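Single-letter residue listing:
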Amino acid sequence: MGLQGALQLLYPPQCISCSAPVQSDFGLCADCWRETPFISGLVCDQCGVPLPGQDASERALCDDCLTIARPWDRGRAALMYDENGRRLVLALKHGDRMDLARPAAGWMLRAAQPILKPDMLVVPVPLHWMRLFRRRFNQAALLSRNIAKAAGLDHCPDALIRRRSTGNQDGKTRDARFANLIEAFAVPKSREKQVRDRDVLVVDDVMTSGATFAAASEALFAAGARSVSVLGLARVAKGG
Ligand SMILES: [Zn+2]
Ligand SMILES: [Zn+2]
């Protein structure tokens, strides 16, 4: 028995959602897999929301992306933000389940396959330092670090900073969310060289209205990014 086998006897792999024993490391048991709303099939090329139909030969866009300004190029998400998708996101956010980041990054990378470019720079949506101080870690940065590592891409955790606290977006209308985030982000002078002429992948845990990704994209383009694509762990179906 190799070391791996010995470790598996000591620490049998568990489902990351319900702790039932599973065959492989870092996965979900069959029941949790069924209850987790993974996104597959035809999706909107800009926000990753599932679309009816099968034909993926043309670039498909959802109604929101046809009507709302989306300054980024392409986007994907791994899960819908409901049922077990919501539970997993909240567990990661509240910091007691940081072990979720690695499998979650794997699911996100799978969803992102069509939009990945070689030499992409992976960048997390930042927390305001006040919130970072309270929460002690940024779940988006945890995801982006795992994604960059697994894909062999460059990671720049501080390419974006929050210029001001934007408070909580929950309960705001879509227009209010966008208004609240105008010029909320910036690329600090010290990171402009890394961002200029790069294809950037912005990572966040949840995409709701897209206001956060829009503000982050604008800051990256202002710093000279060549292209910006976005990747969320979970997509809220209706941004409100
Ligand atoms: Zn399970
Ligand atoms: Zn869309």
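*Asks:* Sorry if this is basic, but what is going on with the overall build of the protein chain here?
*Replies:* Scanning the protein chain for helices and strands turns up 10 helices and seven strands. The proportion of buried residues among the 240 residues of the protein chain is 50%. Counting only contacts in the protein chain whose residues sit at least 6 apart along the sequence, the fraction spanning at least 24 positions is 70%. Taken as a whole, the protein chain presents about 12,400 Å² of accessible surface, with 52% of it coming from carbon and sulfur.

*Asks:* Would you mind showing me how to read the sheet that holds strand β6 (residues 199-207) here?
*Replies:* Adjacent strands of a sheet form backbone hydrogen bonds with each other and so pair up, either parallel or antiparallel. Sheet architecture is open: five strands sit in the order β1-β7-β6-β2-β3, paired in parallel fashion. With partners counted over all chains shown, the strands left at the sheet margins are β1 (75-80) and β3 (154-155), one partner each. Relative to strand β7 (residues 227-235), β6 runs parallel, the two sharing eight bridges. In the sheet register, V202 faces β7, and the bridge partner there is V230. Helix α5 (residues 101-112) rests against β1, β6 and β7 of the sheet, and its axis sits at about 130° to β1.

*Asks:* Teacher, can you tell me more about the pattern of salt bridges here?
*Replies:* A side chain of one charge can pair with a side chain of the opposite charge when the charged atoms of the two come close. In total, this model carries 13 salt bridges according to the counting rule given. One salt bridge connects E192 with R196, and the closest N-O pair in it is separated by 3.7 Å. Here the salt bridges share partners, and the residues they tie into one network are D45, R59, R74 and R76.

*Asks:* In this structure, what is going on with the side chain of N180? I would like to understand it.
*Replies:* Among the secondary structure elements, N180 is positioned in helix α8 (residues 174-180). Given the relative accessible area of 17%, N180 is considered buried. For N180, the contacting residues outside a window of four places in its chain are R164, T166, Q169 and K172.

*Asks:* How should I be thinking about the environment of V195 in this particular structure?
*Replies:* In this fold, V195 is placed in helix α9 (residues 192-195). The exposure class of V195 is buried, given its relative accessible area of 0%. V195 sits 72 residues away from V123 along the chain, and the two C-alpha atoms are 9.7 Å apart. With sequence-adjacent residues up to four places away left out, V195 is seen in contact with L121, A159, V187, L220, A223, G224 and A225.

*Asks:* Would you mind showing me how to read the packing of aromatic side chains here?
*Replies:* Note on aromatic pairs: each is described by the distance of the centres and the angle between the planes. A complete count under the given rule lists three aromatic pairs for this structure. Both rings, one in F38 and one in W107, keep their centres 5.1 Å apart while their planes meet at 90°; by these two values the pair is edge-to-face. One end of the pair, F38, is in the loop between α2 (30-35) and α3 (63-67); the other, W107, is in helix α5, and 69 residues separate them in sequence. Considered together, F38 and W107 belong to a single accessibility category, that of buried residues. Of the aromatic side chains, those joined through ring pairs into one cluster are W33, F38 and W107. When the ring centre of F38 is taken as reference, the NZ or CZ atom of R110 above it lies at 5.7 Å.

*Asks:* I keep staring at the coordination of the zinc ion (ligand 2) and nothing clicks. Help me out?
*Replies:* Each pair of donors in an ideal four-coordinate tetrahedral metal site encloses 109.5 degrees, whereas pairs in an ideal six-coordinate octahedral site enclose 90 or 180 degrees. Around the zinc ion (ligand 2), the protein supplies C44 (SG), C47 (SG), C62 (SG) and C65 (SG) as donor atoms, at distances of 2.2 to 2.3 Å. Because the angles between the four donor atoms bound to the zinc ion (ligand 2) fall within 105 to 116°, the donor set is best described as tetrahedral. When the donors of the zinc ion (ligand 2) are listed by position in the chain, the intervening gaps give C-x2-C-x14-C-x2-C. Here C62 falls in the buried class, since its relative accessible area comes to 8%. Since its relative accessible area comes to 7%, C65 is described here as buried.

Rules of the game
Residues numbered from 1 in each chain as written. Chains lettered and ligands numbered in written order. Predicted model: local features only at pLDDT ≥ 70, side-chain atom pairs only at ≥ 80, totals over all residues. Heavy atoms only, no water. Helix = DSSP H or I, 4+ residues; strand = E, 2+ residues; numbered from the N terminus. Buried < 20%, exposed > 50% of the residue type's maximum accessible area, 1.4 Å probe, protein only. Contact = heavy atoms within 4.5 Å. Areas by Shrake-Rupley, 256 points an atom, 1.4 Å probe, with all protein chains shown as cover. Pairing = 2+ DSSP bridges. Axes fitted to C-alpha atoms, helices over the stretch in contact; angles between N-to-C directions. Salt bridge = Lys/Arg side-chain N within 4 Å of Asp/Glu carboxyl O. Phe/Tyr/Trp six-rings, centres within 6.5 Å; stacked < 30°, edge-to-face > 60°. Lys NZ or Arg CZ within 6 Å of the ring centre and 35° of its normal. Donors = N, O, S within 2.8 Å, 3.2 Å for Na, K, Ca; no water. Tetrahedral: all angles 85-135°; square planar, octahedral: opposite > 155°, others 65-115°.

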